[in-house]
Amino acid sequence: MVNRIGGLASGMDIDELVKKLMSSERAPLNKLYQQKQKYEWQRDAYRSVNTKLKTFDTYIADNFVIKNLNSKTASSSNSDLVSAVATSKASGTLSIEGVSQLAEAARITGGQINATGSTQMSKLASGPITLKAPNGKEIEIDITTDMTVDDFVEQVNKKNAGLTAVFENGRFSFTAKDTGKGKIEITGNIADMNISGQDMSKEGKNAIFQINGIATERSSNTFSFNGYNITLKSTFNESTTQIGFNEAAQENLTNAKTNLEDLYNKLATKYRVTFNIGDNYDTQFNAIMNEIETETTSRQAKVDSARSALDTSRNVPSAAVQALSDDAKKFINSLSEKQKVALAAKDFSKDSLEDLGLTQEQMDTFQALSKDDKAAIDALSKEELTQTAGNVYDALSADTKKALLSSNSLAELKADTTLSQADQDILAHLTEEDYKAIKDVGTKTGELALANTELADVNSDKANLTGTKNMYDDAKNTVDNAAKPPADTVTTTPVKLTSTTNVDEMMDKIKEFVNTYNGLVKDFKDQTTQTKYRDYAPLTSEQKESMKENEIKLWEEKAKSGLLRSDSLLRDGLSKMRSLVYEPVPGLEDSKFNTLYSIGITTTKNYNDGGTLEIDQDKLRKALEEDPDAVARLFRNESGKEKDVTKDGKVVDTRGYLANLRSSMKEFEVSIEQKAGRSSMTASQYTLGKNLQDVDTRISTWQDKLKNVEARYWKQFTAMEQAINKANQQSSQLMKG
C-alpha cells in the first residue's frame, strides 16, 4: 500500500490533481459503462416488444379463440313454450311440434315425524345410511350418538353426490340435483324417518318432445341441438307428441329385439351354446356370457404364456456370452446395461472394478470366478456384453424382420441384396447362434400378436353382447314405462326456432381487431424509424451529480431514442405479419373468402405505415351478409388442424388466419428472446446477455488497471513531496550555518 502525502511540502492539492488525472484515465472505463447501459436499454426495449406481442396474443385468445367471431341471434315463434339461444354453430330452422312431458328430478318426500332440527338422529335411525342418486353416485352417512337431524342434512349436502336434503316442518325431503330418469334409493335402519312408503318416492322423468318430425327425449329441459341452446318451458300438443314418442319407442324396441336375437344366434354358434325351448333373453345372455368368460380366461392364459416365452427369448444374450461358464454368465446377467458398457472398457490386468458400482454380492461372485472365466469376460466386446436377441431384433427394419422369418440361415439372410446397409451392418457381427435366437424372437413376437388378436376378438364379442343387451333393456324399459297419451291437451302450432347472423356485431369485432393490430404495428414501426441522437450518450454517475432530475430525464429520453432504429428483427417480424394479409389460408382454397384481402381488409397504400390495415367497410359487410360462416372460418377455422396434410403432401396449419398470425408472432417472439432473452434466462443464454458479460469482464479488468494507475500517481507525488521536504530541510540547515 502506498503511503499518501497530500502536498504539505509542495503546497499543492495532490488529491485534486490525482482526481483530475484519474478522470482522464477513467475515460475508457466510462465508455464501457455507457456501452453496458446501452445494452441494458436495448435488452429492455426488445423485451418490451415481446411483452406487447404476448398482450396482443392474449387479446386474440380471449376474443376469438375462447369466444367466437360469428355472432348469431335466435328467435322463437312462441317463447312462452320454447325459448332458444343461438351459438355460433346454430344452423337451419328447428320446429318443435310438441312437448308431452317436461323433465323432472327424482324426489323422496317423507311423512310427518315428531322431530325438529335439534333432534338426535340416533332416535330416528341407526348404523350407516346409504343414499344413492339417480346418477349412480352413492354415499354413506354414519349415524353417531351426537349427530342431530340438522347435522345429518348438512352431511348429505356436503357429500356432493347429486342429492339435496331438506328437513322442514317435521318432514325429510331428498331431491336429485339433476332432472331425468331414475330414482333415489335410501337404505339402512330408517323406519322412524318415515321415508320408505311407495307413495313417498317419485321417479325422475325425461323431457319428451318432437323436433323436426322426430319424437325423442332429453334428461333436462335445457339442452343443445344443432347449435341452439333450447329450453322447454311448457307442454303443448301433448297427445300427438306422446303418440309419436310411443310409436318411435316401439319401433326402437323392435329393432333392438331383432339385433339382440341376431347377435344371440351368431354368438351361440361361435361359442357352441345350446338354448332350451322357452329360455328368455336373460337366460340366453347368461349362457353365452358364461362361455365367453371361459374363453376369455383361456385366451388370456395363452397371451400370458406367449408374453412369458417372448420375454425369455428376447433376453437371450450373444453367442459369446452363452459360451461362458454358468458362474461367468451368472455374473454377467446380474449387471445393468450401464455396468456392462463400463465393464467392456476395463482391462482386468490393470483396472479396478470399484467404479462400476457393484454390490457386495456381485463383487463376491466376480472374485469367485476362475482365472479362465475372468479372461473370457475380459475378452468380450461391448456389443457382445450388451447384446440380447431382443434389442438386435428391435434394431432391424420391418422389411428385414420379414426376411428373417422366411430365411433358413444367417448366410441366406446376409445374401439378400434388398437389405439396407444399416441392417447389413447389424448382421455382419452375428453368429449362427445369434441368428437363431433373433429369429426365435421374431417367431414368438408373431405368436404373441396372434394371441392378443384372439383375446381382443373375444373381448369385442363380450362388449358387443353387453351393449346390445343394454340397448334392448333400455328400449323395453322405455316402452313399458311410456305414458299414455293424455285426453286433455293444449293444441297449438309448432314452435319455430330460427337464427340470424348479427352482422353489426361481427363488424364491430373485426374493426376492434384491426384497430388493436394497427396499434401494435404502429408502435413497432415507430421504434424502427425513431431518431437516434448520437450526441446523447448514457450519462456517467459523475455527470448525473452535476445535473437536475428533470435534466437527467430529458437527456435519457434522447439517449434511449432510436435503440431499435432499422432493427432487422422488428422489420422481419412485421414483414411476415404483413404478408399474411394477402396469403390464402391453407384449407380454405375452395372458399370465396380465403384471404383478408377478399373480405376488404388490406394494408394501407403508404409503405411508411409499416403494414397497418384498413377496411373497405362496404366490401366487408357484403361478405358478412353473403356468407358469415365463411368469414368466421377465415379468421378461425374450428375444423382445421395445426399440422394438416394437403393434397400435394405439404404439412400446413389450417386453423385460419389468426392461428397463422399467432404462429408468426411466436416466431417473432422467439427470435427476440434469442437476442434479448427473458427474465428467467441467464445472461449466457442470449446474445445481449453475452455482450453484457463481456463488458462486465472488461470493466473489471479496467477497474483493476485504474487502481494500479492511481497507486502509481500517488507514489510519484509522494516521492516528489519527500524530495521537496528533504530539499527544504537542507536549505534550512544552510541558512542556520
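See the structure printed just above.
All residue numbers refer to positions counted from 1 along the written sequence of the respective chain. Given that this is a predicted model, residues contribute local features only at a pLDDT of at least 70 and side-chain atom pairs are listed and counted only at 80 or more, while totals for whole chains, interfaces and linings are drawn from all residues. Only hydrogens and water are set aside when side-chain values are computed; all heavy atoms of the structure are taken into account.

Engineer: I'd like a rundown of the pattern of salt bridges, residues and numbers included.
Structural biologist: Salt bridge, as used here, is a side-chain nitrogen of Lys or Arg placed within 4 Å of a carboxyl oxygen of Asp or Glu. Going through the model one piece at a time under the given rule, you end up with 33 salt bridges. A salt bridge links Asp473 to Lys469; the nearest nitrogen and oxygen atoms lie 3.0 Å apart. On the criterion of helical spacing, the pair formed by Asp473 and Lys469 is a turn pair, its members being four residues apart in helix H16 (residues 432–480). The partly exposed category is assigned to Asp473, whose relative accessible area is 31%. Lys544 is paired through a salt bridge with Glu556; the nearest N and O atoms lie 3.5 Å apart. On the criterion of sequence distance, the pair formed by Lys544 in helix H18 (residues 541–545) and Glu556 in helix H19 (residues 549–560) is long-range, its members being 12 residues apart. The way it works is that DSSP assigns letters per residue, a run of H or I at least four long becomes a helix, a run of E at least two long becomes a strand, and they are numbered from the N terminus. Exposed residues in this analysis have more than 50% of their type's maximum accessible area, buried residues have under 20%, and partly exposed residues fall in between, with area computed by a 1.4 Å probe over protein chains only.

Engineer: Provide a residue-level description of the pairing of strand E3 (residues 94–101), including the pertinent values.
Structural biologist: The two faces of a sheet get side chains in turn, since along a regular strand they alternate between them. Taken across its eight residues, E3 has eight buried, putting it largely inside the fold. Strand pairing is assigned whenever DSSP detects at least two bridges linking the two strands. As paired elements, E3 and strand E15 (residues 495–501) share three bridges and run antiparallel to each other. Along E15, the bridge assignment pairs Ser95 with Lys496.

Engineer: Would you mind going over the pairing of strand E12 (residues 214–218) in detail, with residue names and values included?
Structural biologist: As paired strands, strand E11 (residues 207–211) and E12 are joined by five bridges and run antiparallel to one another. For Phe209, the partnering residue across the bridge sits in E12 and is Thr216. The antiparallel pairing of E11 with E12 creates a hairpin that spans two residues between the two strands, and Asn212 there sits at a positive phi of about 50°.

Engineer: So what's going on with the side chain of Lys72? Which residues, and what values?
Structural biologist: Structurally, Lys72 can be placed in strand E1 (residues 72–76). By relative accessible area, Lys72 is classed as buried at 13%. Contacts described as polar in this section are N or O atom pairs within 3.5 Å, which, within protein, must combine one atom able to donate a hydrogen with one able to accept it, while residues neighboring in sequence count only if both atoms come from side chains. Within polar-contact distance, the side chain of Lys72 engages the backbone oxygen of Ala90 at 2.7 Å. Among the polar contacts listed, one links the side chain of Lys72 to the side chain of Asp629, at a separation of 3.4 Å. We call two residues in contact whenever any of their non-hydrogen atoms come within 4.5 Å of each other. Non-local contacts of Lys72, meaning those with residues more than four positions away in its chain, are made with Ala86, Thr87, Ser88, Ala90, Ser499, Thr500, Thr501, Asn502 and Asp629.

Engineer: Go over the side chain of Thr654 with me, naming the residues and quoting the values.
Structural biologist: Assignment of secondary structure puts Thr654 in the loop between strand E19 (651–652) and helix H23 (657–676). Within the structure, the side chain of Thr654 is placed 3.0 Å from the side chain of Asp644, a separation counted as a polar contact. If we ignore the near neighbours within four places in the chain, the residues touching Thr654 are Pro586, Gly587, Asn637, Gly640, Lys641 and Asp644.

Engineer: Quick rundown of the sheet that holds strand E2 (residues 82–86)? Include the residues and the values.
Structural biologist: In space, the three strands of this open sheet follow the order E2-E14-E13, with antiparallel pairing throughout. Of all the strands in the sheet, just E2 and strand E13 (222–225) have a single pairing partner and so form its edges. Recorded for the sheet is a direction-independent mean angle of 25° between the axes of neighbouring strands. Axis definition: a line fitted to C-alpha atoms, limited for helices to the stretch in contact. Angles are taken between N-to-C directions and run from 0 to 180 degrees.

Engineer: Lay out the sheet that holds strand E6 (residues 138–142) in plain terms, naming residues and giving numbers.
Structural biologist: Working definition: the strands of a sheet are paired by backbone hydrogen bonds and lie parallel or antiparallel to each other. Taking strand neighbours across the sheet as the criterion, the three strands line up as E6-E5-E9 in an open arrangement whose pairing is antiparallel. Since the sheet does not close on itself, it has two edges, and those belong to E6 and strand E9 (185–189), each with one partner. Looking at each pair of strands side by side, their axes are set apart by 15° on average, direction ignored. Bridging between strand E5 (residues 126–132) and E9 involves four bridges; their strand directions are antiparallel. Of the residues in E9, the one forming a bridge with Leu131 is Ile186.

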